Amino acid sequence: MAANGNGVSTTPKSPLARIQTQKNGGICHDDSGKPVKAQTIDELHSLQRKRSAPTTPLDGVQGAFATISEDERQRQQLQSISASLASLTRGTGPKVVRGDPAGKVQSVSHVAHHHHIEAPTISVSDSSLKFTHVLYNLSPAELYEQAIKYEKGSFITSTGALATLSGAKTGRSPRDKRVVIDDTTQDELWWGKGSPNIEMDEHTFMVNRERAVDYLNSLDKVFVNDQFLNWDPQNRIKVRIVSARAYHSLFMHNMCIRPTPEELENFGTPDFTIYNAGQFPCNRYTHYMTSSTSIDLNLARREMVILGTQYAGEMKKGLFSVMHYLMPMRQILSLHSGCNMGKDGDVALFFGLSGTGKTTLSTDHNRYLIGDDEHCWSDNGVSNIEGGCYAKCIDLSREKEPDIWNAIKFGTVLENVVFDEHTREVDYGDKSVTENTRAAYPIEYIPNAKIPCVGPHPKNVILLACDAFGVLPPVSKLSLAQTMYHFISGYTALVAGTEDGIKEPTATFSACFGAAFIMLHPTKYAAMLAEKMQKHGATGWLVNTGWSGGSYGSGNRIKLPYTRKIIDAIHSGSLLNATYHKTEVFGLDIPTEIEGVPSEILHPENTWADKKAYKETLLKLAGLFKKNFETFTNYKIGKDNKLTEEILAAGPNF
Ligand SMILES: Nc1ncnc2c1ncn2[C@@H]1O[C@H](COP(=O)(O)OP(=O)(O)OP(=O)(O)O)[C@@H](O)[C@H]1O
Ligand SMILES: O=C([O-])CC(=O)C(=O)O
Ligand SMILES: [Ca+2]
Ligand SMILES: [Mn+2]
């Protein structure tokens, strides 16, 4: 006798007893009635899908839309995208049509009668004869299918996320970033030592732009995303991202603000366009190019070109650089910070370099999440620039970071993670591809996200540093001058690669906690922050999310639950009223006790067995701070010299 999978034996099949059904109105449901409308399998399949293609944008006047035909709308819509993809040296690009070349594309026929192929003339190259299909603002489900069908390394994980590989680059390439220098940007931007803006000329930009556009046009299809940046409606920026990979399109779908169908209909001309031709290298014989990767920003043309890297974070942070230019022009401060809000409307900002805890600590089950990485602070309060979060996944655990864990589901892009071939369960501890594994998800995947992502003026400004030297206290209260000193310094420490044994931690100083993204001189942002903090009475805090009990190698990283207790005490206001004492060298005010945190760890000296080593390490770090700050001693911050002097005096003294 055969046994089925459950170990239950079954008898050989015998004809089942006939079930009586009534023709009309009986209690027994009869679904044998109407046959499907389809005559063929293909027709049956076509019934499965209801048409709801996203509309593409229109140029020119709005309002008249309601009266134009669908065909006319689509024709105008495609014109906008054709203009983006036009080759500037030949005056023409490919013929742009909607839809996937592999599928049955309804749009080809009706676009073809508007864009019928003209007889080629001598000056026309082959590229203007071909069609490039445009996959416009596809949904996550459609992008999943594109990725899985066509992009090697794309898989669905056990929780429904899309696992992807970013290729040879698994992080950003700041040394390959170039900014066009012209008469305007020469004066406006920060150039020279310490600046992230490495110059290129307009002509070289156009060479790279043409290379990227030609590459994209040589493909059978490109993805186009039309989306927004900044939740502040008065300062919203329209962005268009043209890319070759479903991975890139889904990443930006998650990270930028997603337009409603109505907003998309009235999208019009984008304020900024990215051409992401990341699979294709730049040409090293081109002037200014020092590798096969180039990320080029042209503020006058409002365009960015990406060649030679598929790491999606380049698009996210490229747009952030643009905001660091556009927003200060409007007296709005752009910030590399996370942001959340308590039930009573108290807002906190979390500054810090990569890996210091902006995403981890702003994602707090007891508070509303406004955003995890990029914000604006205007006269109206704070607003998130983005529509999604980008969390580090290395060693992610359900227990320690439940909201991020649960956000990794259908729609989420998981970059460079390792998973079980069969169960597709992700091993977050595995660094085989990279240490920088990431999840990009829409902000509404966090249950207590504050939508729209705006809030009132911040009450607390928390500066995060992951101090691998283990000498900065877990928390200290800062004066305004100290806040500015540490904001301009932008300190964190990186730990050396674990494989080569234990090495010295390396101090990193990155002005405004994001020197890689700022476009103006750091003192411009610093002055704005000081002015806003003063005006709105915000308190500054320095929180060390790094080492305790010794440097990297002998001590340990401060336990996340302790850091969370510290942050809780800042939010609740209880820490403001604690008893403080001043540390030597850095002159930081540290509290004597915090609920839920062992008091002995609050002063780092207590946790070091070797007091002499502690003092030496402390002085070493203080020396690095001093040296780094030398470049800023000649600059004035704010309107009077008083604040500048106070800031200079707010650093370490020894
Ligand atoms: N005490 C701690 N406080 C904060 N984070 C901690 C702590 N201990 C360990 N971590 C880990 O450190 C990492 C912090 O990364 P997070 O994603 O928050 O960085 P980020 O500041 O948002 O950087 P990026 O700008 O690159 O996104 C997480 O992986 C988190 O689990
Ligand atoms: O940009 C990235 O790749 C990740 C990030 O948020 C940062 O480095 O600050
Ligand atoms: Ca982050
Ligand atoms: Mn960041």
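Residues numbered from 1 in each chain as written. Chains lettered and ligands numbered in written order. Predicted model: local features only at pLDDT ≥ 70, side-chain atom pairs only at ≥ 80, totals over all residues. Heavy atoms only, no water.

Taking an unreviewed UniProt entry as the reference, the protein is identified by name as phosphoenolpyruvate carboxykinase (ATP) belonging to Gossypium darwinii. If you open the UniProt record of the protein and go to Subcellular location (unreviewed entry), you find "Cytoplasm". What UniProt records for the protein under Function (unreviewed entry) is the sentence "Involved in the gluconeogenesis. Catalyzes the conversion of oxaloacetate (OAA) to phosphoenolpyruvate (PEP) through direct phosphoryl transfer between the nucleoside triphosphate and OAA." (UniProt positions renumbered as here; feature names shortened; annotations may be inferred.)

Our next topic: the overall build of the protein. A count of helical and extended segments in the protein gives 17 helices and 32 strands. Evaluated residue by residue, the protein yields a buried proportion of 54% over its 654 residues. If you sum the accessible surface of the protein, you get close to 30,100 Å²; carbon and sulfur atoms cover 53% of it. (Helix = DSSP H or I, 4+ residues; strand = E, 2+ residues; numbered from the N terminus. Buried < 20%, exposed > 50% of the residue type's maximum accessible area, 1.4 Å probe, protein only. Areas by Shrake-Rupley, 256 points an atom, 1.4 Å probe, with all protein chains shown as cover.)

Every protein donor of the manganese ion (ligand 4) is listed here as Lys317 (NZ), His336 (NE2), Asp373 (OD) and Asp373 (OD), and their distances to the metal cover 2.3 to 2.8 Å. Between consecutive donor residues of the manganese ion (ligand 4), the sequence gaps follow K-x18-H-x36-D. Separation of the manganese ion (ligand 4) from the calcium ion (ligand 3) amounts to 4.8 Å. With Lys317 in helix 9 (residues 313-329) and His336 in the loop between strand 12 (333-335) and strand 13 (337-341), this residue pair connects regions lying 19 residues apart in the sequence. In this pair, the class of Lys317 matches that of His336, namely buried. (Donors = N, O, S within 2.8 Å, 3.2 Å for Na, K, Ca; no water.)

Turning our eyes to something else, we now look at helix 2 (residues 70-85). Along its 16 residues, helix 2 runs 23 Å from first to last C-alpha, staying within 8% of the 22 Å computed at 1.5 Å per residue. Buried within helix 2 are the following residues: Arg73, Gln74, Gln76, Gln77, Leu78, Ser80, Ile81, Ser82, Ser84 and Leu85. (Expected span 1.5 Å × (residues − 1).)

For the rest of this paragraph, the subject is the site of ligand 1. In the neighbourhood of ligand 1, 21 residues make up the surrounding shell, with Ser354, Lys358, Thr359, Glu401 and Arg438 lying closest. The contact in question runs from an oxygen atom of ligand 1 to an N or O atom on the side chain of His336, over 3.5 Å. Take Glu401: an N or O atom from its side chain is 2.5 Å from an oxygen atom of ligand 1. When isolated, ligand 1 has an accessible area of 660 Å², and the protein chains bury 91% of it. Counting residues per element, the ones that place at least two in the shell around ligand 1 are helix 10 (358-362), strand 18 (388-392) and helix 14 (560-572). Sort the elements by how many residues they give to the shell around ligand 1 and helix 10 lands first, with three residues. (Near = heavy atom within 4 Å. Polar contact = N/O pair within 3.5 Å; in protein donor to acceptor, adjacent residues only side chain to side chain.)

Scanning the model with the defined rule gives 17 salt bridges in all. The residue Glu386 makes a salt bridge to Lys316 at a minimum N-O spacing of 2.8 Å. Of this pair, Glu386 sits in the loop between strand 17 (381-384) and strand 18 while Lys316 sits in helix 9; the two residues are 70 residues apart in sequence, bridging distant segments of the chain. Classification of Glu386 by relative accessible area gives buried; the value is 3%. On the basis of relative accessible area, Lys316 is assigned to the buried category, the value being 4%. Of the charged contacts in the structure, one is a salt bridge between Glu646 and Lys642, with a shortest N-O distance of 3.3 Å. One end of the pair, Glu646, and the other, Lys642, are both in helix 17 (residues 641-649), four residues apart, so they sit about a helical turn from each other. Taking the relative accessible area as the measure of exposure, Glu646 reaches 34% and is therefore partly exposed. Classification of Lys642 as exposed rests on a relative accessible area of 56%. Ionic contacts of the salt-bridge type, sharing partners, join the residues Lys316, Lys317, Asp373, Glu374 and Glu386 into one network. (Salt bridge = Lys/Arg side-chain N within 4 Å of Asp/Glu carboxyl O.)

Within the secondary structure layout, Asn544 lies in strand 28 (residues 539-544). Among all residues touching Asn544, those that are not within four sequence positions of it are Ala465, Cys466, Asp467, Leu472, Pro473, Pro474 and Ile558. (Contact = heavy atoms within 4.5 Å.)

With that out of the way, let us pick up the site of ligand 2. Taken together, Arg172, Tyr311, Lys316, Lys317, His336, Ser354, Asp373, Tyr390, Arg438 and Phe517 make up the full set of residues adjacent to ligand 2. Contact between ligand 2 and Lys317: an oxygen atom at 2.6 Å from a side-chain N or O atom of the residue. Contact between ligand 2 and His336: an oxygen atom at 3.2 Å from a side-chain N or O atom of the residue. With the chains in place, 94% of the 260 Å² that ligand 2 exposes on its own is no longer accessible. When its residues are assigned to classes, the shell around ligand 2 shows three nonpolar, two polar and five charged. (Nonpolar A, V, L, I, M, F, W, Y, C, P; charged D, E, K, R; others polar.)

This part covers the nonpolar core. In this structure, Leu216, Phe351, Leu414, Tyr441, Phe487, Phe586 and Ile647 are the most contacted members of the largest nonpolar core, which totals 154 residues. Sorting elements by how many residues they give to this core places helix 9 first, with eight residues. For Ile647, the residues in contact, after removing those within four places along its chain, are Ala481, Met484, Tyr485, Ile488, Phe629 and Ile637. If you look at the next biggest cluster of nonpolar residues, it comprises 19 residues, including Phe350, Leu464, Trp541 and Val597. (Core = buried A, V, L, I, M, F, W, Y, C linked by side-chain atoms within 4.5 Å.)

Two strands in a sheet stick together by hydrogen bonds in their backbones, pointing the same way (parallel) or opposite ways (antiparallel). The five strands lie next to each other as 3-4-19-22-18, forming an open sheet whose pairing is mixed. A single partner strand is all that each edge strand has here, and the edge strands are strand 3 (155-156) and strand 18. Along the sheet, helix 7 (residues 246-255) contacts strand 4 (162-164), strand 18, strand 19 (413-415) and strand 22 (438-442); its crossing angle with strand 19, the most-contacted strand, is approximately 120 degrees. (Pairing = 2+ DSSP bridges. Axes fitted to C-alpha atoms, helices over the stretch in contact; angles between N-to-C directions.)

Our next topic: the packing of aromatic side chains. A complete count under the given rule lists 19 aromatic pairs for this structure. Taking 4.3 Å as the distance between ring centres and 25 degrees as the angle between the ring planes, the aromatic pair formed by Tyr485 and Phe629 counts as stacked. With Tyr485 in helix 12 (residues 480-489) and Phe629 in helix 16 (residues 611-629), this residue pair connects regions lying 144 residues apart in the sequence. The residues Tyr485 and Phe629 share a single accessibility class, namely buried. (Phe/Tyr/Trp six-rings, centres within 6.5 Å; stacked < 30°, edge-to-face > 60°.)

This part is about the confidence of the model for the protein. Mean pLDDT over the protein works out to 89, with 88% of the residues at or above the 70 mark. Residue range residues 1-13 is modelled with pLDDT below 50. Its contacts to residues more than four positions away, or to other chains, number seven contacts. Note on residues 24-28: pLDDT is under 50 here. Beyond four places in sequence and across chains, it has two contacts. The ipTM assigned to the predicted complex is 0.98, against a pTM of 0.90. (pLDDT = per-residue confidence, 0-100.)

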